[in-house]
Amino acid sequence: MNRFLFLSLLFLGGCSLFYSTPKVEKIKPLYEMSETPLDEEYFHSPTGDIAGHIPKGWLQVNTESIPELENILSVYTDPTRSEAMVLMEIPGSADLRRKIERDGILALAEESFQSKVKKHPSISLTKRSEAFSVDSMLFVNYEYAQSIEGGSALHNRVVAFSAGVRFYELAMVELRPEQGLKQETENFRLLQSVVAELEGVAAVKQATPTH
(Lines give C-alpha, C1' and ligand atoms only; values in the text may rest on other atoms or scores of the structure.)
Protein backbone atom coordinates (compact mmCIF):
# COMPACT_ATOMS: atom_id res chain seq x y z
CA MET A 1 0.00 0.00 0.00
CA ASN A 2 2.92 2.37 0.69
CA ARG A 3 3.80 2.23 -2.97
CA PHE A 4 0.42 3.58 -3.92
CA LEU A 5 0.50 6.24 -1.23
CA PHE A 6 3.66 7.31 -3.01
CA LEU A 7 1.71 7.20 -6.27
CA SER A 8 -0.85 9.56 -4.78
CA LEU A 9 1.86 12.06 -3.87
CA LEU A 10 3.34 11.76 -7.32
CA PHE A 11 0.06 12.11 -9.14
CA LEU A 12 -1.42 14.90 -7.04
CA GLY A 13 1.69 17.08 -7.03
CA GLY A 14 2.82 19.83 -9.36
CA CYS A 15 4.38 23.25 -9.70
CA SER A 16 4.42 25.35 -12.88
CA LEU A 17 2.23 27.66 -14.90
CA PHE A 18 0.48 27.06 -18.19
CA TYR A 19 0.59 29.49 -21.06
CA SER A 20 -2.34 31.90 -21.05
CA THR A 21 -3.03 31.82 -24.79
CA PRO A 22 -5.26 28.81 -25.53
CA LYS A 23 -5.21 28.88 -29.32
CA VAL A 24 -3.93 25.78 -31.11
CA GLU A 25 -3.26 25.92 -34.85
CA LYS A 26 -2.81 22.21 -35.45
CA ILE A 27 -4.81 19.63 -33.54
CA LYS A 28 -3.15 16.26 -34.00
CA PRO A 29 -1.94 13.33 -31.87
CA LEU A 30 1.33 14.03 -30.05
CA TYR A 31 2.46 10.39 -30.03
CA GLU A 32 2.11 7.43 -32.34
CA MET A 33 0.16 4.53 -30.91
CA SER A 34 2.04 1.64 -29.31
CA GLU A 35 2.29 -1.79 -30.84
CA THR A 36 1.49 -3.29 -27.42
CA PRO A 37 -2.05 -4.72 -27.64
CA LEU A 38 -4.92 -3.64 -25.43
CA ASP A 39 -6.97 -6.06 -23.37
CA GLU A 40 -10.57 -6.97 -24.12
CA GLU A 41 -11.37 -5.93 -20.55
CA TYR A 42 -12.91 -2.49 -20.10
CA PHE A 43 -12.37 0.15 -17.49
CA HIS A 44 -15.08 2.77 -17.06
CA SER A 45 -16.14 5.70 -14.93
CA PRO A 46 -18.64 5.06 -12.10
CA THR A 47 -21.45 6.66 -14.09
CA GLY A 48 -20.52 4.79 -17.26
CA ASP A 49 -20.17 7.93 -19.35
CA ILE A 50 -16.69 6.92 -20.51
CA ALA A 51 -15.11 3.52 -21.11
CA GLY A 52 -11.87 2.20 -22.53
CA HIS A 53 -9.54 -0.81 -22.78
CA ILE A 54 -6.65 -1.39 -20.39
CA PRO A 55 -3.24 -2.47 -21.70
CA LYS A 56 -3.06 -6.24 -22.08
CA GLY A 57 -1.85 -7.97 -18.91
CA TRP A 58 -2.20 -4.94 -16.65
CA LEU A 59 -3.75 -5.38 -13.21
CA GLN A 60 -6.23 -3.23 -11.29
CA VAL A 61 -5.18 -1.81 -7.93
CA ASN A 62 -7.67 -1.56 -5.08
CA THR A 63 -7.68 2.11 -4.02
CA GLU A 64 -10.80 2.07 -1.82
CA SER A 65 -8.73 1.82 1.36
CA ILE A 66 -6.45 4.73 0.39
CA PRO A 67 -8.33 7.95 1.22
CA GLU A 68 -5.43 10.09 -0.05
CA LEU A 69 -6.37 9.16 -3.62
CA GLU A 70 -9.12 11.76 -3.81
CA ASN A 71 -11.05 11.89 -7.10
CA ILE A 72 -9.08 8.93 -8.45
CA LEU A 73 -11.49 6.43 -9.98
CA SER A 74 -9.21 3.56 -10.98
CA VAL A 75 -5.54 2.59 -11.10
CA TYR A 76 -3.93 -0.13 -13.23
CA THR A 77 -0.29 -1.23 -13.20
CA ASP A 78 1.86 -3.31 -15.48
CA PRO A 79 2.91 -6.74 -14.09
CA THR A 80 6.28 -5.39 -12.91
CA ARG A 81 4.69 -2.36 -11.24
CA SER A 82 7.01 -0.04 -13.11
CA GLU A 83 4.24 2.27 -14.28
CA ALA A 84 0.58 2.93 -13.57
CA MET A 85 -2.38 4.17 -15.57
CA VAL A 86 -4.65 6.40 -13.50
CA LEU A 87 -8.19 7.55 -14.29
CA MET A 88 -9.27 10.62 -12.35
CA GLU A 89 -12.29 12.92 -12.40
CA ILE A 90 -11.66 16.67 -12.55
CA PRO A 91 -14.39 18.41 -10.51
CA GLY A 92 -16.49 20.49 -12.87
CA SER A 93 -16.95 23.65 -10.85
CA ALA A 94 -18.81 26.65 -12.24
CA ASP A 95 -15.51 28.53 -12.37
CA LEU A 96 -13.88 25.78 -14.44
CA ARG A 97 -16.80 25.73 -16.86
CA ARG A 98 -16.52 29.49 -17.35
CA LYS A 99 -12.79 29.14 -18.05
CA ILE A 100 -13.38 26.37 -20.60
CA GLU A 101 -16.08 28.42 -22.29
CA ARG A 102 -13.67 31.35 -22.49
CA ASP A 103 -10.32 29.65 -23.15
CA GLY A 104 -11.17 26.24 -24.59
CA ILE A 105 -9.85 22.86 -23.54
CA LEU A 106 -6.44 24.19 -22.47
CA ALA A 107 -8.22 25.53 -19.38
CA LEU A 108 -8.95 21.92 -18.43
CA ALA A 109 -5.25 21.07 -18.48
CA GLU A 110 -4.47 24.10 -16.36
CA GLU A 111 -7.09 23.08 -13.81
CA SER A 112 -5.68 19.56 -13.71
CA PHE A 113 -2.13 20.72 -13.17
CA GLN A 114 -2.92 23.47 -10.68
CA SER A 115 -4.84 20.97 -8.53
CA LYS A 116 -1.55 19.14 -8.15
CA VAL A 117 0.35 22.34 -7.38
CA LYS A 118 -1.77 22.91 -4.30
CA LYS A 119 -0.60 19.66 -2.69
CA HIS A 120 3.00 19.09 -3.76
CA PRO A 121 4.98 21.89 -5.46
CA SER A 122 8.00 19.67 -6.12
CA ILE A 123 6.76 18.59 -9.54
CA SER A 124 7.91 20.46 -12.65
CA LEU A 125 6.15 20.82 -15.98
CA THR A 126 8.20 19.23 -18.78
CA LYS A 127 5.78 19.71 -21.71
CA ARG A 128 3.27 22.52 -21.77
CA SER A 129 -0.39 21.84 -22.47
CA GLU A 130 -1.30 21.07 -26.08
CA ALA A 131 -4.63 20.13 -27.61
CA PHE A 132 -4.96 17.23 -30.03
CA SER A 133 -7.69 15.10 -31.53
CA VAL A 134 -8.16 11.45 -32.37
CA ASP A 135 -10.86 11.03 -34.99
CA SER A 136 -13.42 13.57 -33.74
CA MET A 137 -12.48 13.30 -30.04
CA LEU A 138 -10.80 16.32 -28.43
CA PHE A 139 -8.06 15.99 -25.78
CA VAL A 140 -5.42 18.11 -24.08
CA ASN A 141 -2.01 16.78 -23.05
CA TYR A 142 0.75 17.86 -20.68
CA GLU A 143 3.76 16.16 -19.10
CA TYR A 144 5.48 16.60 -15.76
CA ALA A 145 8.32 15.13 -13.72
CA GLN A 146 9.10 14.66 -10.06
CA SER A 147 12.60 14.63 -8.66
CA ILE A 148 13.25 11.92 -6.10
CA GLU A 149 16.12 10.98 -3.80
CA GLY A 150 19.37 10.18 -5.56
CA GLY A 151 18.92 12.75 -8.30
CA SER A 152 16.52 10.65 -10.39
CA ALA A 153 13.14 11.71 -11.71
CA LEU A 154 9.81 10.11 -12.57
CA HIS A 155 8.28 11.20 -15.87
CA ASN A 156 4.53 11.28 -16.40
CA ARG A 157 1.97 12.18 -19.04
CA VAL A 158 -1.61 13.39 -18.48
CA VAL A 159 -4.40 13.52 -21.08
CA ALA A 160 -7.53 15.43 -20.03
CA PHE A 161 -10.89 15.52 -21.80
CA SER A 162 -14.58 16.23 -21.47
CA ALA A 163 -17.34 13.65 -21.49
CA GLY A 164 -19.98 16.33 -21.93
CA VAL A 165 -21.18 16.81 -18.35
CA ARG A 166 -18.07 15.59 -16.52
CA PHE A 167 -14.33 16.08 -16.99
CA TYR A 168 -11.61 13.43 -16.66
CA GLU A 169 -7.90 12.88 -16.96
CA LEU A 170 -6.05 9.69 -17.82
CA ALA A 171 -2.39 9.58 -16.82
CA MET A 172 0.59 7.31 -17.39
CA VAL A 173 2.71 7.53 -14.23
CA GLU A 174 6.17 6.09 -13.68
CA LEU A 175 6.65 4.18 -10.43
CA ARG A 176 10.33 3.37 -10.93
CA PRO A 177 13.02 5.85 -12.02
CA GLU A 178 15.75 5.51 -14.62
CA GLN A 179 13.75 3.56 -17.19
CA GLY A 180 15.30 5.60 -19.96
CA LEU A 181 13.90 7.77 -22.73
CA LYS A 182 12.99 4.78 -24.92
CA GLN A 183 10.77 3.23 -22.23
CA GLU A 184 9.34 6.60 -21.28
CA THR A 185 8.30 7.20 -24.88
CA GLU A 186 6.81 3.72 -25.10
CA ASN A 187 4.77 4.38 -21.95
CA PHE A 188 3.39 7.57 -23.47
CA ARG A 189 2.64 5.79 -26.75
CA LEU A 190 0.77 3.12 -24.81
CA LEU A 191 -1.35 5.82 -23.21
CA GLN A 192 -2.02 7.14 -26.72
CA SER A 193 -3.36 3.70 -27.71
CA VAL A 194 -5.71 3.69 -24.71
CA VAL A 195 -6.87 7.24 -25.42
CA ALA A 196 -7.60 6.41 -29.07
CA GLU A 197 -10.01 3.65 -28.01
CA LEU A 198 -11.94 5.66 -25.41
CA GLU A 199 -15.70 5.84 -25.70
CA GLY A 200 -17.77 8.82 -24.57
CA VAL A 201 -15.24 11.62 -25.16
CA ALA A 202 -16.69 14.94 -26.34
CA ALA A 203 -16.08 15.79 -29.99
CA VAL A 204 -14.20 18.73 -31.45
CA LYS A 205 -16.51 21.71 -31.82
CA GLN A 206 -16.76 23.07 -35.31
CA ALA A 207 -16.35 26.81 -35.60
CA THR A 208 -19.45 28.75 -36.61
CA PRO A 209 -18.86 30.80 -39.78
CA THR A 210 -19.19 34.55 -39.33
CA HIS A 211 -20.56 36.85 -41.98
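Criteria and cut-off values
- Residues numbered from 1 in each chain as written.
- Predicted model: local features only at pLDDT ≥ 70, side-chain atom pairs only at ≥ 80, totals over all residues.
- Heavy atoms only, no water.
- Helix = DSSP H or I, 4+ residues; strand = E, 2+ residues; numbered from the N terminus.
- Expected span 1.5 Å × (residues − 1).
- Buried < 20%, exposed > 50% of the residue type's maximum accessible area, 1.4 Å probe, protein only.
- Salt bridge = Lys/Arg side-chain N within 4 Å of Asp/Glu carboxyl O.
- Core = buried A, V, L, I, M, F, W, Y, C linked by side-chain atoms within 4.5 Å.
- Pairing = 2+ DSSP bridges.
- Axes fitted to C-alpha atoms, helices over the stretch in contact; angles between N-to-C directions.
- Phe/Tyr/Trp six-rings, centres within 6.5 Å; stacked < 30°, edge-to-face > 60°.

Moving on, we come to helix α4 (residues 180-196). With 17 residues, α4 should cover 24 Å at 1.5 Å per step; its first-to-last C-alpha distance of 25 Å lies within 8% of that length. E184, N187, F188, L190, L191, Q192, S193, V194, V195 and A196 are the residues of α4 that are buried.

As for its position among the elements, N187 is in helix α4. A residue is classified by how much of its surface remains accessible, and N187, at 4% relative accessible area, is buried.

Working definition: two side chains of opposite charge can pair if their charged atoms are close together. In total, this model carries five salt bridges according to the counting rule given. Residues R98 and D95 are paired through a salt bridge, measuring 3.7 Å at the closest nitrogen-oxygen approach. You can see R98 and its partner D95 sitting in helix α2 (residues 94-103), three residues apart, about one turn around the helix. For D103, the salt bridge is made with R102, and the minimal N-O distance between the two is 2.8 Å.

Among the nonpolar cores identified, the biggest contains 26 residues, and L108 and Y142 are the most heavily contacted of them. Counting residues per element, the ones that place at least two in this core are β4 (72-77), β5 (83-90), α3 (106-117), β6 (123-134), β7 (137-147), β8 (153-162) and β9 (167-174). Within the second largest apolar cluster, 24 residues are counted, among which are V159, F161, A163 and L190.

Next up on the list: the sheet that holds β6. Hydrogen bonds between backbone atoms are what pair the strands of a sheet, whose relative direction is either parallel or antiparallel. The strand order across the open sheet built from seven strands is β3-β4-β5-β9-β8-β7-β6, with neighbouring strands paired in antiparallel fashion. In this open sheet, the two edge strands, each paired with only one partner strand, are β3 (59-61) and β6. Each strand axis lies, on average, 20° off the axis of its neighbour in the sheet, ignoring direction. Examined bridge by bridge, β7 and β8 share eight bridges and lie antiparallel to one another. Residue pairing in the sheet places Q146 in a bridge with L154 of β8.

Before going further, it helps to spend a moment on unusual backbone geometry. Positive phi values are uncommon outside glycine, yet R81 reaches one of about 55°. Along the chain, R81 falls in the loop between β4 and β5. The phi angle at D135 is positive, at roughly 55°, despite the residue not being glycine. Along the chain, D135 turns up in the loop between β6 and β7.

Before going further, it helps to examine the packing of aromatic side chains. For any pair of aromatic rings, the description rests on two quantities: the centre-to-centre distance and the angle between the ring planes. For the structure on display, the rule yields eight aromatic pairs. Arranged with centres 6.3 Å apart and planes meeting at 55°, the rings of F43 and Y76 form a pair that is tilted. Linking F43 in strand β1 (residues 38-44) with Y76 in strand β4, this pair joins segments that are 33 residues apart in sequence. Geometrically, the ring pair formed by F132 and F139 is stacked, given 5.3 Å between the ring centres and 20° between the ring planes. You'll find F132 and F139 in the same group, each marked buried. Taken together, F132, F139, F161 and Y168 form an aromatic cluster joined through their ring pairs.

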